[in-house]
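Report on the structure
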Amino acid sequence: SSPHLQTYNERAKKHANKAAKALLEIMEEKQSNLSVSVDVTKSKDFFDIIEAVGPHVCLRKTHIDVLEDFDATVIDRLRELSEKHKFLIFEDRKFADIGSTVVLQYSKGIYKIADWAHITNAHAVPGPSIITGLASVGIPKDRGLILLAEMSSKGALTTGSYTEDAVRMARARRDFVIGFIAQHRMEGIGASDTDNIAGEDFLVLAPGVGLDATGDAMGQQYRTPEQVVFESGCDVIIVGRGIYGKGENVDAREVLKQAQRYQAAGWEAYKKRVQR
Ligand code: 6AU
C-alpha cells in the first residue's frame, strides 16, 4: 500500500538512509510528527523554546544564520538537547548553488552544517549536480537531504513540471534524498513506465501549518494539521510562529502549551490516516 497508509514504524524498517530511519522511529516512539521551526534571533529565546518543546517534537529546525549571538557553544548545547530529548536536527539552509559551491557551504565556514545537522534541504533549481555535491559531504556522515518540491508561499514557482523534475532528481538518489518539503505526497510523480517506483517512500515535511491563522503579511499560507497530514498525506508538520508567536521574551509555559496542542493535532490526524 501507499507509504502514507503504513505506520511510521513499518516505514522505518524499510528505509536504508539512517537519518530517515531514525526520524521515523523517533516519531513513533514519541508519538510526534511535529517539527518546531525555531526562527528567533537570540540564543536565550532559542534555547528557552527548545527546552520547552523538546519532549514533544521529533525534529527541530533551525535557520542558524539568523542567530545574532551565535558561537560554537550553541552547537554543543543543541547536540546535548538533541540527545537528551531525542529529536533530530534539521538545518533549513535551502542550498541553491552549483555542486562545488554547496560542498563548501555545507561543510565549511562558520557553521559547518554537515557536522551537526542530521537533515538539511536544497532547491532543485541547479539540477542534479547540487545533490551530487551535497551527497559527497553528507553520505559519509549518514545525513539526509530534503528537496524543496512545493513551497508554501503565495505565488511560488514550484509547481507542475518543476515539481515533477524535483521528484525525478530525488528518485535518482534515494540513498541520500529522503523526502521533500511539499504539501502533498510525491511517490510516483513524474515517473515513466520504465522507472522502478516500487517501494518508493519519500518523507513529506510540510511547512505552512497553523491552527489559528491562515497566513501572514508576507505571503505565508497556513493549513491545519488535519488538512496537511490526513487529507494530503504529509508526514511531518513544521510549525514556527504558531508555537512561539513573535519569539521574543519567550513564555516557556505558553510555548509548551502550544507545542502540546500541535503535537496532539498532528498525531490525531496521523492515527486517523493509518486506521482507514
Ligand atoms: O510556521 P512559520 O510560518 O513561522 O515558519 C515556517 C518555517 C520557516 C520557513 O523558512 C520554512 O518553514 N518554510 C520552508 C522550509 C521548511 O523549507 C519551505 C516553505 O515552502 N515554506 C516555509 O515556510 O522557517
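The structure this text deals with has already been given above.
First things first, this report covers the structure right here in the doc. (Residues numbered from 1 in each chain as written. Predicted model: local features only at pLDDT ≥ 70, side-chain atom pairs only at ≥ 80, totals over all residues. Heavy atoms only, no water.)

Things to note about the overall build of the protein
Defined as follows: Strands are runs of DSSP state E lasting at least two residues, helices are runs of H or I lasting at least four, and both sets are numbered from the N terminus onward. All radius of gyration figures rest on C-alpha atoms, and the globule criterion is 2.2 Å times the number of residues raised to 0.38. Note on definitions: a residue-residue contact is assigned when non-hydrogen atoms from the two residues lie within 4.5 Å. Computed by Shrake-Rupley with a 1.4 Å probe, the accessible areas treat only the displayed protein chains as cover when residues are assessed. In this count, Lys and Arg are taken as positive residues and Asp and Glu as negative ones, while His and the chain termini are left out. Just so you know, the charge point we use is NZ for Lys, CZ for Arg, CG for Asp and CD for Glu.
Check the secondary structure of the protein and you find 10 helices and 8 strands. Over its C-alpha atoms the protein spans a radius of gyration of 17 Å, differing by no more than 12% from the 19 Å that the globule rule assigns to 276 residues. Seen along its three principal axes, the alpha-carbon backbone of the protein occupies a region of about 55 × 45 × 35 Å. For the protein, the proportion of contacts with a sequence separation of at least 24, taken over those separated by at least 6, is 74%. Summed over its atoms, the accessible surface of the protein is roughly 12100 Å², and 52% of this surface lies on carbon and sulfur atoms. For the protein, the distance from the average position of its 36 positive side-chain charges to the average position of its 38 negative side-chain charges is 2 Å.

Section: the pattern of salt bridges
A side chain with one charge can pair with a side chain of the opposite charge if their charged atoms come near. Short version of the rule: A carboxyl oxygen of Asp or Glu within 4 Å of a side-chain nitrogen of Lys or Arg is what we treat as a salt bridge.
Taken as a whole and judged by the stated rule, the model has 22 salt bridges. For Asp92, the salt bridge is made with Lys94, and the minimal N-O distance between the two is 2.8 Å. Among the ionic pairs, Arg168 bridges to Asp165, the shortest N-O distance being 2.4 Å. In this pair, Arg168 and Asp165 are both assigned in helix H7 (residues 160–171), 3 residues apart and thus about one turn of the helix distant.

Comments concerning the site of the ligand
Spelled out, the test is: Residues are counted as near a molecule or strand when any one of their heavy atoms sits within 4 Å of it. Two N or O atoms form a polar contact when they lie within 3.5 Å of each other; inside protein one atom must be a possible hydrogen donor and the other a possible acceptor, and for residues adjacent in sequence the pair counts only when both atoms belong to side chains.
Inspection of the region around the ligand gives 18 residues, with Asp39, Lys61, Ser152, Tyr222 and Arg241 positioned closest. Separating an oxygen atom of the ligand from a side-chain N or O atom of Asp92 is a distance of 3.3 Å. A total of 510 Å² of accessible area belongs to the ligand in isolation, and the protein chains cover 91% of it. Breaking the shell around the ligand down by element, the ones donating at least two residues are strand S3 (88–95) and strand S8 (236–239).

Observations regarding unusual backbone geometry
Defined as follows: Burial classification: accessible surface area is computed with a 1.4 Å probe over protein chains only, and a residue below 20% of its type maximum counts as buried, one above 50% as exposed, and the rest as partly exposed.
The backbone phi angle of Asp142 is positive, close to 60 degrees, even though this residue is not glycine. Among the secondary structure elements, Asp142 is positioned in the loop between helix H6 (129–138) and strand S5 (144–148). What makes Asp142 partly exposed here is its relative accessible area of 38%. The phi torsion at Asn249 lies on the positive side, around 45 degrees, for a residue other than glycine. Turning to its location among the elements, Asn249 is positioned in the loop between helix H9 (241–244) and helix H10 (252–275).

Observations regarding the sheet that holds S5
Stated precisely, the cut-off is as follows: Only strands that DSSP links by at least two bridges are regarded as paired with each other. Simply put, an axis is a line fit to the C-alpha atoms, just over the touching stretch for a helix, and the angle between two N-to-C directions goes from 0 to 180 degrees.
The sheet built from 8 strands closes into a barrel, its strands ordered S1-S2-S3-S4-S5-S6-S7-S8 with parallel pairing. Geometrically, the sheet is characterised by an average inter-axis angle of 30 degrees between neighbouring strands, direction not taken into account. Bridging between strand S7 (residues 203–206) and S8 involves 2 bridges; their strand directions are parallel. Bridging across to S8, Leu205 finds its partner in Val236. Those strands touched by H7 are strand S4 (119–123), S5 and strand S6 (177–181), and its axis lies near 165 degrees from that of S5.

A look at H6
Among the 10 residues that make up H6, 7 are buried, leaving the element largely enclosed by the rest of the structure. Those residues of H6 lying buried are Ile130, Ile131, Gly133, Leu134, Ala135, Val137 and Gly138. Lining the buried residues of H6 we find S3, helix H5 (99–107), S4, S5, H7 and S6.

Observations regarding the packing of helix H3 (residues 43–53) against helix H4 (residues 72–85)
To keep things clear, this is the line we draw: Each angle gets one of four labels, with under 35 degrees taken as roughly parallel, over 145 as roughly antiparallel, 65 to 115 as roughly perpendicular, and the rest as oblique. All residues other than Ala, Val, Leu, Ile, Met, Phe, Trp, Tyr, Cys, Pro, Asp, Glu, Lys and Arg, Gly among them, are scored as polar; the first ten of these are nonpolar and the last four charged.
Contact geometry for H3 and H4: axes closest at 11 Å, N-to-C directions at 5 degrees. Relative to H4, H3 is oriented roughly parallel. Seen from H3, the contacting residues are Ser43, Phe46, Phe47, Ile50 and Glu51; seen from H4, they are Val74, Arg77, Leu78, Leu81, Lys84 and His85. Of the residues assigned to the contact of H3 with H4, the class counts are 6 nonpolar, 2 polar and 3 charged.

Some details on the packing of aromatic side chains
Threshold: Pairing of aromatic side chains here covers Phe, Tyr and the six-membered ring of Trp, requires ring centres within 6.5 Å, and sorts the geometry by plane angle: under 30 degrees stacked, over 60 edge-to-face, intermediate tilted.
Within this structure, the stated rule accounts for 7 aromatic pairs. The interplanar angle of 70 degrees and the centroid separation of 4.8 Å between the aromatic rings of Phe70 and Tyr111 together place this pair among those described as edge-to-face. Here Phe70, found in the loop between strand S2 (59–62) and H4, pairs with Tyr111, found in the loop between H5 and S4; they are 41 residues apart in sequence, far enough to count as distant. Judged by relative accessible area, which is 18%, Phe70 ranks as buried. Seen from their ring centres, Trp267 and Tyr270 are 4.7 Å apart, and the 50 degrees between their planes marks the pair as tilted.

Shape descriptors only; they carry no functional weight alone.
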